[in-house]
Amino acid sequence: MALTAAQLQELAEAKAARAETRRPTVPALEAMLFEPVPVLDHGFVRVVDYMGDDAAVVQAARVSYGRGTKAVMEDRGLIRYLMRHRHSTPFEMCEIKYHVKLPIFVARQWIRHRTANVNEYSARYSIMDREFYLPAPEHLAAQSASNRQGRGEVLQGAEAAHVLQLLREDSLRNYDHYQEMLNADEEGKVLDPSRQGLARELARMNLTLNAYTQWYWKTDLHNLLHFLSLRADAHAQYEIRAYAEVMMASLEAWVPAVAEAFRDYRLGAVTLSAQMLDVVKRLLAGEAVAQPASGLSKREWRELMDQLGRPA
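These figures come from a predicted structure and were not determined experimentally.

(A) Quick look at unusual backbone geometry. Phi angles above zero are rare outside glycine, and Phe 34 is one such case at about 70°. Looking at the element boundaries, Phe 34 is found in the loop between helix H2 (27-30) and strand S1 (37-39). Accessibility expressed as a relative area gives 21% for Phe 34, which makes it partly exposed. With a phi angle near 60°, Asn 183 is a residue other than glycine that sits in the positive phi range. Among the structural elements, Asn 183 can be located in the loop between helix H6 (157-182) and helix H7 (200-203). Residue classification places Asn 183 among the buried residues on the basis of a relative accessible area of 2%.

Structure, rendered in structure tokens:
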């Protein structure tokens, strides 16, 4: 992840600025403000701003006048109760804003979460950077034979090298054609004064999906937790999971009690259907339960056995 001199200067000025505030702040998250955390080969995540903390969740749940009116352990217990019973509105009282640099194909997956405020870098007004996501060899995998939206075995040797070569060549060729159509370089300088060049809003259609874009993404804590429950999960696509894991670190710095409850009741937990719960009760009672008599489909049965660590 390389930042330009102008970006580094902008970050230095932002870090140097100080403002007095009477609102609650979180020292651990304050220390992370403006710091871009590298993700993938050219991407990053940085916290731009936030509002609220663990106590704000508790205050909203109790609708109290002040803060710190209960013991810390009582606050922790209430947060865990709210998480356990999926009381969402107290978590909506906290907000956070990120600046994210990410490949376009990851952004298109990410934007499916329609519960945030987003402002993306516009290739209608600006020229895109000559940067592309090229997976590390260990992330070049074949299509899974059992999961339509997952990866199987990692490609090896010459095949992996050939795929990387294709990705690199296609990315560079398309960007070269993008510049040729624009008739401009990355700084916007005209390449050939004898011709006009295509409008930026049209030339951008030629870019590959592994080109990098950027956006500001602001959301409340409740919707951030929903995003992380899906994208920080082990089954999520690696590229978006890499971003979610960095955001998990900022969550733990910002609202540690909420993060703890989230890991226990969401990330590290499973949801059982009524039929699955019945099977568990029967197994605990010592009954030998088989799939045909369980009331579960073969897929549900396999998922339940995986969750219980038992052979299907």
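Next comes the rest of the account.
(B) Region of the structure containing the environment of Arg 299. Structurally, Arg 299 can be placed in helix H12 (residues 298-308). Residues Arg 299 and Arg 200 lie 99 residues apart in sequence; the distance between their C-alpha atoms is 48 Å.

(C) Seen up close, the packing of aromatic side chains. The full count for this structure, using the stated rule, is nine aromatic pairs. On the numbers, 5.6 Å between centres and 75° between planes, the contact of Trp 110 with Trp 217 is edge-to-face. Residue Trp 110 is located in helix H5 (residues 104-110), and its partner Trp 217 is located in strand S7 (residues 212-220); the two are separated by 107 residues in the primary sequence. With respect to burial, Trp 110 and Trp 217 carry one shared label: buried. Taken together, the ring pairs connect Tyr 98, Trp 110, Trp 215, Trp 217, Phe 227 and Tyr 243 into an aromatic cluster.

(D) Molecular detail of a nonpolar patch on the surface. A contiguous nonpolar patch, built from Leu 198, Leu 202 and Met 205 and spanning about 290 Å² of accessible area, is present on the exposed surface. A relative accessible area of 64% means that Met 205 is categorised as exposed.

(E) Geometry of the sheet that holds strand S3 (residues 95-103). Strand order in the open sheet formed by five strands is S1-S2-S3-S7-S4, with antiparallel pairing between adjacent strands. Unpaired on one side and paired on the other, S1 and strand S4 (117-120) mark the two borders of the sheet. Here the average twist between neighbouring strands, direction ignored, is 25°. Relative to S3, strand S2 (residues 43-51) runs antiparallel, the two sharing seven bridges. Within the sheet, the bridge partner assigned to Phe 44 lies in S3 and is Lys 101. Sheet contacts for helix H8 (residues 221-231): S3 and S7; angle to S7, the most-contacted strand, approximately 125°.

(F) Looking closely at the pattern of salt bridges. Across all of its chains, the model carries 17 salt bridges by this definition. For Glu 303, the salt bridge identified is with Arg 299, shortest N-O distance 3.6 Å. A residue pair is termed a helical-turn pair when its members lie 3 or 4 positions apart in one helix, as Glu 303 and Arg 299 do in helix H12 at four residues. Among the residues examined, Arg 299 registers a relative accessible area of 58% and is labelled exposed. Through salt bridges that share partners, Arg 76, Arg 80, Glu 260 and Asp 264 make up one connected network.

Parameters at a glance
- Residues numbered from 1 in each chain as written.
- Predicted model: local features only at pLDDT ≥ 70, side-chain atom pairs only at ≥ 80, totals over all residues.
- Heavy atoms only, no water.
- Helix = DSSP H or I, 4+ residues; strand = E, 2+ residues; numbered from the N terminus.
- Buried < 20%, exposed > 50% of the residue type's maximum accessible area, 1.4 Å probe, protein only.
- Phe/Tyr/Trp six-rings, centres within 6.5 Å; stacked < 30°, edge-to-face > 60°.
- Patch = residues over 30% accessible without salt bridge, like charges linked within 9 Å, V, L, I, M, F, W, Y side chains within 5 Å.
- Areas by Shrake-Rupley, 256 points an atom, 1.4 Å probe, with all protein chains shown as cover.
- Salt bridge = Lys/Arg side-chain N within 4 Å of Asp/Glu carboxyl O.
- Pairing = 2+ DSSP bridges.
- Axes fitted to C-alpha atoms, helices over the stretch in contact; angles between N-to-C directions.
- Contact = heavy atoms within 4.5 Å.

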